[in-house]
Amino acid sequence: MNKLAEMVQAQLLDAIDNDDLVLPTLPEVALSIREAAEDSEISVAALSKVIGRDAALSARLIKVVNSPLLRAAVEVTDLHTAITRLGINYSCNLAIGLVIEQIFHARSPAVEQKLRDIWANSLEVAGISYELCRRYTQLKADQATLGGLVHQIGALPVLIYAEEHNELLSDPVCLHYVIEEIQPALGDKILTSWEFPEQLVNLPSQVQNLERETDKIDYIDIVQIARALSHRGRNLPLTALPAYRHLNLPHGTELEIGELLEARSMLR
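The sections below set out a description of the structure shown in this document. Because the structure is a prediction, the values reported are computed rather than measured. (Residues numbered from 1 in each chain as written. Predicted model: local features only at pLDDT ≥ 70, side-chain atom pairs only at ≥ 80, totals over all residues. Heavy atoms only, no water.)

1. Details of unusual backbone geometry
In step 1: For Glu195, which is not a glycine, the phi torsion comes out positive at approximately 55 degrees.
In step 2: Here Glu195 is to be found in the loop between helix 11 (172-193) and helix 12 (203-206). (Helix = DSSP H or I, 4+ residues; strand = E, 2+ residues; numbered from the N terminus.)

In C-alpha cells:
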C-alpha cells in the first residue's frame, strides 16, 4: 500500500469512527415504499399509488416484469399488473433497490464511470441471487435481490470523497485499493443508518469473508455465491465456499451457470 492509500484510508477510518463522514440518505420515495411494505394489509392498488408517485421508478418495474427472466405470454404495460405479477413483497424490495440506483451518480466523469461499473456488477449479482434463492432455497428471493443490489453500497462515500481529492482520483490503483479496504465497514454503517432488515445490515462486510461458517444458508451466503458466479474465471473458489456447500446439491450436480448468468438482464 502506497503512502497516499495509507493516508486516505486513515482519514476515512477516522471519519467513520467519529461519525464525521456524511453518509448517503435513503430517498424519500424509498422510505415511503418501506413504510407501505410494513403494512401487512396493504393492497396492490395502495402500493401502486405509492410507487406510482415516481414515474421513472414505475417504468423500471414494468421493464423488470417484461425482462427475459420474468416475461409472460402477455406484455405488462401498467404498474398495477406489474406489482400483481411480482407480488407485493418482491415489488417493494425491488423498488427500493431501484431507487438506490439514483444515488449512484457523480459530477466527475471518472467517478461516474466507476459508479456505473459498480452498479452494473451489483445488478448482475442481484439477478443471480434471485435465481439462486428461487431454485435452491426456501429463502425470500426478493430479500436476496435487495442484498445483491446493496452489497457494494459502501463504495459510494469513498467515491464521493475521491471527487473532492484529485490526488486520489488520478491514481486508479490507489482508488481501487481504498474502495476495497473501506467499503465493507462503510456499507454496514449505511445499511444500519437506513434501518435495513437484520439479515442484510451486515452483509457488505460479511460477504467479504470467504471462510464464513454458518449453521444454515442465509442471504449473505447467497450473495457470496452470486458474486463468485459473476466473477467466474477470476479465481474465486465457488465450490470451496462454505456458503456453496449449504446448498446441499446432490453429488455431481452442477449449478446451471449459463442460465444463472443470464439473470444479469433481469434488472436492466
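2. Section: the side chain of Gln152
In step 1: Among the secondary structure elements, Gln152 is positioned in the loop between helix 8 (141-150) and helix 9 (155-163).
In step 2: A polar atom in the side chain of Gln152 sits 3.5 Å from the backbone oxygen of Ile118.
In step 3: Excluding residues that lie within four positions of it along the chain, Gln152 makes contacts with Ile118, Asn121, Ser122 and Gln183. (Polar contact = N/O pair within 3.5 Å; in protein donor to acceptor, adjacent residues only side chain to side chain. Contact = heavy atoms within 4.5 Å.)

3. Considerations on the packing of aromatic side chains
In step 1: What the rule picks out here adds up to 3 aromatic pairs.
In step 2: With a centroid separation of 5.2 Å and an interplanar angle of 50 degrees, the aromatic rings of Tyr90 and Tyr130 are classed as tilted. Within this pair, whereas Tyr90 is found in helix 6 (residues 88-101), its partner Tyr130 is found in helix 7 (residues 109-136), the two being separated by 40 residues in sequence. The two residues Tyr90 and Tyr130 agree in class, both being buried.
In step 3: Note on Trp194 and Phe196: the rings are 6.0 Å apart at their centroids and 40 degrees apart in plane angle, and the pair reads as tilted.
In step 4: Using a relative accessible area of 4% as the deciding quantity, one classes Trp194 as buried.
In step 5: Classification of Phe196 as buried rests on a relative accessible area of 8%. (Phe/Tyr/Trp six-rings, centres within 6.5 Å; stacked < 30°, edge-to-face > 60°. Buried < 20%, exposed > 50% of the residue type's maximum accessible area, 1.4 Å probe, protein only.)

4. Description of helix 13 (residues 219-230)
In step 1: End to end, helix 13 covers 16 Å across 12 residues, agreeing with the expected 16 Å (1.5 Å per residue, within 8%).
In step 2: The buried fraction of helix 13 amounts to 12 of the 12 residues, a majority that puts the element mostly inside the structure.
In step 3: Those residues of helix 13 not exposed but buried are Tyr219, Ile220, Asp221, Ile222, Val223, Gln224, Ile225, Ala226, Arg227, Ala228, Leu229 and Ser230.
In step 4: In this structure Asp218 caps helix 13, since a side-chain oxygen of it lies 3.2 Å from the backbone nitrogen of Ile220. (Expected span 1.5 Å × (residues − 1).)

5. Comments concerning the environment of Leu210
In step 1: Counting through the fold element by element, Leu210 comes out in the loop between helix 12 and helix 13.
In step 2: Accessibility expressed as a relative area gives 32% for Leu210, which makes it partly exposed.
In step 3: Residues Leu210 and Ala240, 30 residues apart in the sequence, show an inter-C-alpha distance of 8.9 Å.

6. What to know about the side chain of Asp142
In step 1: One can find Asp142 in helix 8.
In step 2: No salt bridge is formed by the buried Asp142, whose closest oppositely charged neighbour, Lys140, lies at an N-O distance of 6.3 Å.
In step 3: Not counting residues up to four positions away in its chain, the partners in contact with Asp142 are Asn89, Tyr90 and Asn93. (Lys, Arg positive; Asp, Glu negative; His and termini not counted. Salt bridge = Lys/Arg side-chain N within 4 Å of Asp/Glu carboxyl O.)

Function cannot be inferred from these measures alone, as they are strictly geometric.
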